[in-house]
Structures are given as C-alpha cells and as structure tokens.
Amino acid sequence: MAKLKAQLEITADELAEAITISEYPELAAACEEYYSRQLDDLVEEIVAHRKIRAVFISGPTNSGKTTTTDRLKTELSKAGREARMISLDDYYVEGAVRYDEDGRPDYESVDTISLELLSEDLRLLMEGKAAWVPHFNFKERKRIYEREQKLKLKDNELVLVEGLHALSPVIKDQLDPEISFGIFLMPNVELETRNGILGSETTRKLRRIHRDNSSRDTRALETIDFWPMVRSAEQIFIPRYIEAADVHINTALPYEYAILGPRVRELLAEDLAAYEARSLRPSPNVREGLFYANLEAAVEEARQLYDILGGLPSGDVRVVPNDSVLKEFI
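Our subject in this report is the structure included herewith. (Residues numbered from 1 in each chain as written. Predicted model: local features only at pLDDT ≥ 70, side-chain atom pairs only at ≥ 80, totals over all residues. Heavy atoms only, no water.)

### Notes on the packing of aromatic side chains
(1) Moving on: A full pass over the atoms with the stated rule returns eight aromatic pairs.
(2) Moving on: Where Y92 meets F138, the ring centres are 5.5 Å apart and the plane angle is 75 degrees; that geometry is what we call edge-to-face. Of this pair, Y92 sits in the loop between strand 3 (83–87) and helix 4 (115–126) while F138 sits in the loop between strand 5 (135–137) and strand 6 (142–144), and the two are 46 residues apart along the sequence.
(3) Moving on: Overall, the relative accessible area of 9% leaves Y92 in the buried class.
(4) Moving on: Ring geometry for F237 versus Y241: centroids 5.6 Å apart, planes at 15 degrees, classification stacked. Here the residue F237 and the residue Y241 both occupy positions in helix 7 (residues 220–244), the gap between them amounting to four residues, near one helical turn.
(5) Moving on: For F237, a relative accessible area of 9% translates into the label buried.
(6) Moving on: The ring of W132 has K150 sitting right over it, with the charged end atom 5.2 Å from the ring centre.
(7) Moving on: Sitting above the plane of the Y306 ring, R265 keeps its charged end 3.7 Å from the centroid. (Phe/Tyr/Trp six-rings, centres within 6.5 Å; stacked < 30°, edge-to-face > 60°. Helix = DSSP H or I, 4+ residues; strand = E, 2+ residues; numbered from the N terminus. Buried < 20%, exposed > 50% of the residue type's maximum accessible area, 1.4 Å probe, protein only. Lys NZ or Arg CZ within 6 Å of the ring centre and 35° of its normal.)

As structure tokens, then:
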C-alpha cells in the first residue's frame, strides 16, 4: 500500500508576499523541484529493479497523469530503461454513452473501460508477443486499429499503463508482482484564504475548469455541474488504488493557485453574470434535451468558490516550466 506524501500547505498571504517581494519565481522553482525529486526517486527505484516490465500509473482526474507519464518515460530512457506507453483512454467500451440519473455522461466508472481487452494485450506483451493497441475515436465511440499501433516490447523495455483505473485488480493482479509496479498520483495540498480553505479535490477542479475552458470552450458552470459524476466514481476507487499502489506522487504545486485562482474567478464571474441575465447556454455535459443536470447546485457552488478565491494574488504564468504538470491545465 502506498503511503500518501505529506500534505503541502500555503496561504493566500504567503503567495501575496512572495509576489510582492519578487520571490514568486523562487517559490515556483521550489515547488517544481519538490515534484522533480519525487520523480527522480521513482526512476531510481524502477531502474534498480530490473525485473519490472509493467508500470501502472493511476490517479483521479486532473492529477497530472499525462505529464508524469511522459516525464517518467523520458527519465527512464536517460537512465537506460526504454519504455512504451498505453493509455486506458484508448480502451473505452464502444457504443453509446451511459448517463447517471441526472443526465451526466459517465466516462469515469470502471466498466466504461474494456479491462479484459487491455489485460489480454498486456499478457501478450509480457510473453514477448505483439499486441495491436487501439486508438479510441471519441466522436464515433469506437476503437480504431492501425498497422503502426502494433506494439512489441524489446528485452529491456517496459510498458507504462496510464489511466484512472490502471491499478484495477483486473489488470494489475494478473501479473507477477515482481514484474509490476504501481504509482498513484494525486495532489495533496491545502490553500488557506481569508474566505475559506481549498483542499485537494477543489484544486483538481480549478485545474479542470481552466483547462476545459481554454481547450474545449467548456464554461466553468458546466464543469462544476458535471463534477458530481467525477466525485461519485473517485469515492469508490481512490482508496482501493492507493492500497494497490507501491508509491504515491504528490503532484501539488502550491504556486499554481496564483496562476489558476484569479483566472478561474474571472470565469466564474462571467458565468454567474450570465446566469443572472438568463443568457447561459445549455451545458454540453448532459444528455440531449436537458439544460443542466442541477443548475441551482452548480450556481451555489460557483458562488462559494468565487468568494474563496477572492483576494488571491495573480502570478506570472511565465514562471511555469514547459515540462510542468501545470502546463496540462493552462
């Protein structure tokens, strides 16, 4: 069972002071160094155990799984262990999306992933055989197989399997424990402001709001309205996957609140104004024919979050390194 890394803590006043006395770049560098040291220790442990052939990287949404997996692959290569990557996103079950009772689409539950297919592909890879790894077309809701996606591991290569359910026993427990290694990612952090406290889940929500608005034109209220679907799945699986992991990586970057906080607050203000003006568009995150899953609850949460984020200083986004976990969300 993985032991969670210590919770990181920071206050809005500490962020403001760092920016006022021009020490914000140093704060950002220290946060990034903390994350990098964890990654270095992880690489050292994997390289020291030459029998490891499969590394499973799990964690709740917006924890930084994509960046961590990419960086792990790069650092393992530098240390002499080449790695190939498999994403659980390419193993979604084909066909129509399932919805919860309020009309939210379910992309989170374990049975939305074809774990048996992935397990068979891993079995082939561990036996030195080739596996035809799919690519999932989300628009058509079907798996696509292309010739160049056929995967076979060389003698010294290992495979990195990334996704929320990567530590499911259906996948990991089929392998000899000597050749597998489990990593659980999650920011473990707390921000104290004059109007309240933000914990790890809300930190991930800030990341999601900003990312989805920037890259998918999803409004802040739409993300908040969808979040109960995320939470319901995570409450079931997070404790199990922490127990199944060998190590926890704390992907919190406390300086990120000065990057995300003021920007998310602006998005919340826009949506709350649109709500009052009755000019909101229908959410794309619900079953066709619905406006929102629970608009009043989303508005109430948005107002609370808007208040808590008040008074946060604004940090310079240029301090964020190109290989930072935070780059996934800005």
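### Focus on a negative patch on the surface
(1) Moving on: Together, E9, E14, E17, E23, E26 and E192 give the surface a local cluster of negative charge.
(2) Moving on: In this structure, E23 sits in the loop between helix 1 (12–20) and helix 2 (24–48).
(3) Moving on: For E23, a relative accessible area of 43% gives the class partly exposed. (Patch = residues over 30% accessible without salt bridge, like charges linked within 9 Å, V, L, I, M, F, W, Y side chains within 5 Å. Areas by Shrake-Rupley, 256 points an atom, 1.4 Å probe, with all protein chains shown as cover. Salt bridge = Lys/Arg side-chain N within 4 Å of Asp/Glu carboxyl O. Lys, Arg positive; Asp, Glu negative; His and termini not counted. Charge placed at Lys NZ, Arg CZ, Asp CG, Glu CD.)

### Observations concerning the sheet that holds strand 9 (residues 180–185)
(1) Moving on: Spatially, 3-8-2-9-12 is the arrangement adopted by the five strands of the open sheet, whose pairing is parallel. In the strand order of this sheet, the two ends are held by strand 3 and strand 12 (247–249), each with one partner. Across the sheet, the mean angle from the axis of one strand to that of its neighbour is 25 degrees, orientation sign disregarded.
(2) Moving on: In this sheet, strand 8 (residues 158–162) lies alongside strand 2 (residues 54–58) in parallel orientation, the contact comprising four bridges. The residue of strand 8 that forms the bridge with A54 is V159. (Pairing = 2+ DSSP bridges. Axes fitted to C-alpha atoms, helices over the stretch in contact; angles between N-to-C directions.)

### Quick notes on the pattern of salt bridges
(1) Moving on: Under the defined criterion, the tally for this structure stands at 26 salt bridges.
(2) Moving on: The closest approach of N and O atoms between R104 and D102, which form a salt bridge, is 3.3 Å.
(3) Moving on: Note that R204 is salt-bridged to E234, the shortest N-O span being 2.8 Å. Highlighted residues: R204 in helix 6 (residues 200–216) and E234 in helix 7, separated in sequence by 30 residues.
(4) Moving on: One salt-bridge network, in which partners are shared between bridges, spans E120, R123, E127 and K129.

### Thoughts on helix 1
(1) Moving on: Listed in full, the buried residues belonging to helix 1 are A12, L15 and A18. Down the axis of helix 1, the sector holding all buried residues measures 125 degrees, keeping them to one side.
(2) Moving on: Its buried side turned inward, helix 1 meets strand 1 (8–11), helix 2, strand 10 (189–193) and helix 8 (257–276).
(3) Moving on: Two residues or fewer after helix 1 comes S22, characterised by a positive phi angle close to 65 degrees. (Arc of directions from axis to C-beta. Contact = heavy atoms within 4.5 Å.)

### Here we look at the sheet that holds strand 10
(1) Moving on: Across the sheet, which stays open at both edges, the three strands sit in the order 1-10-11 with mixed pairing between neighbours. Where the open sheet ends on each side, the last strands, each with one partner, are strand 1 and strand 11 (196–198). Strand-to-strand twist of the sheet, defined as the mean angle between neighbouring strand axes without regard to direction, takes the value 20 degrees.

### Description of the environment of T74
(1) Moving on: Relative to the assigned elements, T74 resides in helix 3 (residues 65–78).
(2) Moving on: A relative accessible area of 41% places T74 in the partly exposed class.
(3) Moving on: A C-alpha to C-alpha distance of 10.0 Å links T74 and V43, two positions 31 residues apart in sequence.

Spatial relationships are all this shows, so hold off on functional conclusions.
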